[in-house]
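# A look at the structure
One-letter residues, chain by chain:
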Amino acid sequence: MLHIIGDKLPDLVRRRAEYEIRVRIIDSYRDNRYWWMMADNNWSAVCVAATFAVYAYLATPEETEAQLDRMIATSECYLRGFEDDGCCKEGYAYWNYGFSNYCIFASMLREYTDGRIDLFRNPKVRAIAHFQENAAINRTESISFSDSGNEFLPTPGISHFLKHEYPDIAIPPIACQIDPSASLRTLFWMRPEYDADG
């Protein structure tokens, strides 16, 4: 938010926010090794996406470059939690949240490196992208296993983003319920030209 509204905040508030972000995220990530960095579940995707966003927008380019390999390694740990066919063993709800964050990280990384690093070229990522359509039973239900329920709450932004990356992706019908936890970035990914395949 500082990147978007920082110039509208009182100077004292902005400087305090920048200080806290540096101490709690930039310096803390640089100086520590946290358990989630090696996790093969949503934790790694969610945490690395948020951490990279902070580095990309608020750290120096040198600081960010110095941490890229570690962040990419964490994103690879997340992918280890999936089978080669893209199945999310935690269920659809976890796929929706975790993979959305993975896509946020991967898309920011691609932008930041001017396309030099494109994690979407990985065939396993393509397979994971298809999990949403493979898990859906109908417009309101998905396959229920692990600790995910059977409620089907797609996030239109991620569906549209994946369709743009992989044209063979099926977008859930617009009549589906919508996940209210969608991040701001995924809302920007919505593309009105994509009609639901449903």
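Residues numbered from 1 in each chain as written. Predicted model: local features only at pLDDT ≥ 70, side-chain atom pairs only at ≥ 80, totals over all residues. Heavy atoms only, no water.

### What to know about helix H2 (residues 11–31)
- Counted at 1.5 Å a residue, the expected span for H2 with its 21 residues is 30 Å, and the 28 Å between its end C-alpha atoms agrees.
- At Arg22, H2 shows its largest kink, close to 40°.
- Looking at the buried residues of H2, the elements they touch are helix H1 (2–5), helix H3 (42–58) and helix H4 (61–80). (Helix = DSSP H or I, 4+ residues; strand = E, 2+ residues; numbered from the N terminus. Expected span 1.5 Å × (residues − 1). Bend = angle between axes of the 7 residues up to and from the residue. Contact = heavy atoms within 4.5 Å.)

### Section: the state of the cysteines
- For the structure shown, the criterion picks out 0 disulfides.
- Between Cys47, a cysteine without a disulfide, and Cys77, which holds the nearest cysteine sulfur, the sulfur-to-sulfur distance is 12 Å.
- Looking at Cys88, it has no disulfide partner, and the nearest cysteine sulfur is the one in Cys87, 6.9 Å off. (Disulfide = S-S within 2.5 Å.)

### Details of the pattern of salt bridges
- Overall, the coordinates contain 17 salt bridges when judged by the stated rule.
- With a closest N to O distance of 2.8 Å, Arg22 and Glu63 form a salt bridge. In this pair, Arg22 is assigned in helix H2 and Glu63 in helix H4, connecting sequence segments 41 residues apart.
- Given a relative accessible area of 27%, Arg22 falls into the partly exposed group.
- With a closest N to O distance of 3.6 Å, Arg121 and Asp118 form a salt bridge.
- When its relative accessible area of 62% is taken as the criterion, Arg121 is described as exposed.
- Because the salt bridges share partners, they merge into one network encompassing Arg22, Asp27, Arg30, Asp31 and Glu63. (Salt bridge = Lys/Arg side-chain N within 4 Å of Asp/Glu carboxyl O. Buried < 20%, exposed > 50% of the residue type's maximum accessible area, 1.4 Å probe, protein only.)

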